Amino acid sequence: MLALASAAFATLSTVIAPISGKERMMSTDSILGSLLVEAGLPPAVERRGLGGGSINDAFRVVLANGDTAFLKVHRAPPAGFFEAEAEGLRAMLATGTIRVPQVLAVSEQGLLLEWVAGAPGPDFGRQLGERLAQMHRATDSAFGFSCDNYCGLTPQPNPRMADGFAFFGEARLLFQARLARDKGRLPAAGVRQVEAIADRLVDWIPEQPPSLIHGDLWSGNIHAGPQGEPVLIDPAAHYGWAEADLAMTTLFGSQSGEFYQAYAANAELAPGWEERVPLYNLYHLLNHLNLFGGGYLASVRSVLARFAG
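Each chain has its residues counted from 1, running along the sequence as written. Since the coordinates come from a predicted model, pLDDT governs what is reported: local features require at least 70, and pairs of side-chain atoms require 80 or more to be given and counted, while whole-chain, interface and lining totals use all residues. Only hydrogens and water are set aside when side-chain values are computed; all heavy atoms of the structure are taken into account.

**Observations concerning the packing of helix α4 (residues 164-182) against helix α5 (residues 188-199)**
Right, so step 1: Fitted lines through C-alpha atoms give the axes, limited to the stretch in contact for helices. The angle between two N-to-C directions lies from 0 to 180 degrees. Working definition: helices are DSSP H or I runs of at least four residues, strands are E runs of at least two. Numbering for both runs from the N terminus. The contact between α4 and α5 brings their axes to 9 Å, and the two run at 175 degrees. With respect to their mutual orientation, α4 and α5 come out roughly antiparallel. Counted together, Gly 169, Leu 173, Leu 174, Ala 177, Arg 178 and Arg 181 of α4 and Val 191, Val 194, Glu 195, Ile 197 and Ala 198 of α5 form the full contact between these two elements.
Right, so step 2: Polar here means any residue outside two lists: the nonpolar Ala, Val, Leu, Ile, Met, Phe, Trp, Tyr, Cys and Pro, and the charged Asp, Glu, Lys and Arg; Gly therefore counts as polar. Class assignment for the residues of the contact of α4 with α5 results in seven nonpolar, one polar and three charged. To sort the angles, those under 35 degrees are grouped as roughly parallel, those over 145 as roughly antiparallel, those from 65 to 115 as roughly perpendicular, and the leftovers as oblique. In this analysis, two residues are considered to be in contact whenever any of their non-hydrogen atoms come within 4.5 Å of each other.

Next comes the structure, spelled out in structure tokens:
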């Protein structure tokens, strides 16, 4: 049975998908129809728009057999956008640790997932901490991933590299900093500061194995399933530093104390991880600078001043 969604997905619009014009509606229906055929599922009898997303159009879909699915579409996605997300979901699902939506079908313009609807249970924080730590135990011989993917709409290169410091410095911090420079959002002096930080990561960050991480683990991507269990959505998955995932849970509102206690009890955290949080989150601040503009420049500069002087 199709059963996946998030608590945030449970708020539905009162009309069939908010679409501007017949052409757009037909386009979404065409994408949905193709995905249902690919998944071997019956046709849809209802499609309702969901709010909250800033990148894709999202819908709750009711099928002719009464099952429910989640659909997200994009009119002009970058190449491989949805397939890369699907690969991340499949990798996380394969660990058998924390719940993620099962991929039902994927195409260039859309992704069809199981629907998970629920509210956090009384033990949500502990479960989230334990299961995230368990997922992070899935390691690889190198950093990176089987394919490049996206963090939001920003490309996220995932070259296979044995050196985690080189990977985070070059494929994360410097990639974003140079992109921001090319967009006119970060001055050359700022890029030089990022270069200085990338050269000194080994001075601040402890050795860590390449762990499978969500990659975009802010509170908006943490939801609850039908039994109140934690569910992770919208990954930018790759093999990276587990502490980077933990750090991002603090960027736009922290999780509960129970979460951090449970994570620490089930992971081998080096002392002082909280002091390293700004270094990890510099990647996401630079990404938000690239995605949304100068409103994030002051936050970027604050981290640069702290670690690069």
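Now that the structure has been shown, the text picks up again.
**Notes on empty space enclosed by the protein**
Right, so step 1: Any residue with an atom within 4 Å of a point lines the site, the site being either a cavity, points on a 1 Å grid over the protein atoms alone where a 1.4 Å probe fits but cannot get out, or a pocket, an open set with protein on both sides within 12 Å along at least 5 of 7 lines. Grid points are joined across faces, edges and corners, and a volume is the space filled by probe spheres set on the points. Enumeration according to the criterion identifies two cavities of 30 Å³ or more in this entry.
Right, so step 2: Here the largest cavity is characterised by a volume of approximately 130 Å³.
Right, so step 3: Together, 16 residues line the largest cavity, and Phe 168, Arg 172, Ile 213, His 238 and Ala 244 are the ones closest to its centre.
Right, so step 4: Within the residue set of the lining of the largest cavity, elements represented by two or more residues are α4, β12 (238-240), α7 (242-248) and α9 (273-292).
Right, so step 5: Taken together, the residues of the lining of the largest cavity break down into nine nonpolar, five polar and two charged.

**Describing the nonpolar core**
Right, so step 1: What makes a nonpolar core is a set of buried Ala, Val, Leu, Ile, Met, Phe, Trp, Tyr and Cys residues whose side-chain atoms join them at distances within 4.5 Å. A 1.4 Å probe rolled over the protein chains alone gives each residue an accessible area, and that area as a share of the maximum for its type sets the label: buried under 20%, exposed over 50%, partly exposed in between. Membership of the largest hydrophobic core comes to 69 residues, with the highest contact counts inside it found for Leu 186 and Leu 232.
Right, so step 2: When residues of this core are assigned to their parent elements, the largest contribution, nine residues, is made by α9.
Right, so step 3: Residue contacts for Leu 232: discarding those within four places in its chain leaves Met 92, Ile 98, Arg 99, Val 100, Pro 101, Leu 128, Leu 132, His 214, Leu 217, Asn 221 and Ile 222.
Right, so step 4: With 13 residues, the next largest nonpolar core counts Ile 31, Leu 32, Leu 63 and Ala 69 among its residues.

**Things to note about the confidence of the model for the protein**
Right, so step 1: A residue's pLDDT is the predictor's confidence in that residue, given on a scale from 0 to 100. On average, residues of the protein carry a pLDDT of 91, and 91% of them reach 70 or more.
Right, so step 2: Within the model, pLDDT remains below 50 along residues 1-26, and this stretch shows 66 contacts once partners closer than five positions in the same chain are excluded.

**A few points about the packing of α5 against helix α10 (residues 297-308)**
Right, so step 1: Close contact between α5 and α10 brings their axes to 10 Å; oriented N to C, the two are set at 50 degrees. When the interaxial angle is binned, α5 and α10 end up oblique. Crossing of α5 against α10: the hand is left-handed. Residues Gly 190, Gln 193, Val 194 and Ile 197 of α5 lie in contact with α10, whose contacting residues are Val 303, Leu 304, Ala 305, Phe 307 and Ala 308.
Right, so step 2: Class assignment of the residues belonging to the contact of α5 with α10 gives a composition of seven nonpolar, two polar and no charged. A crossing counts as left-handed when the near helix is turned anticlockwise from the far one by less than a right angle, and as right-handed when that turn is clockwise.

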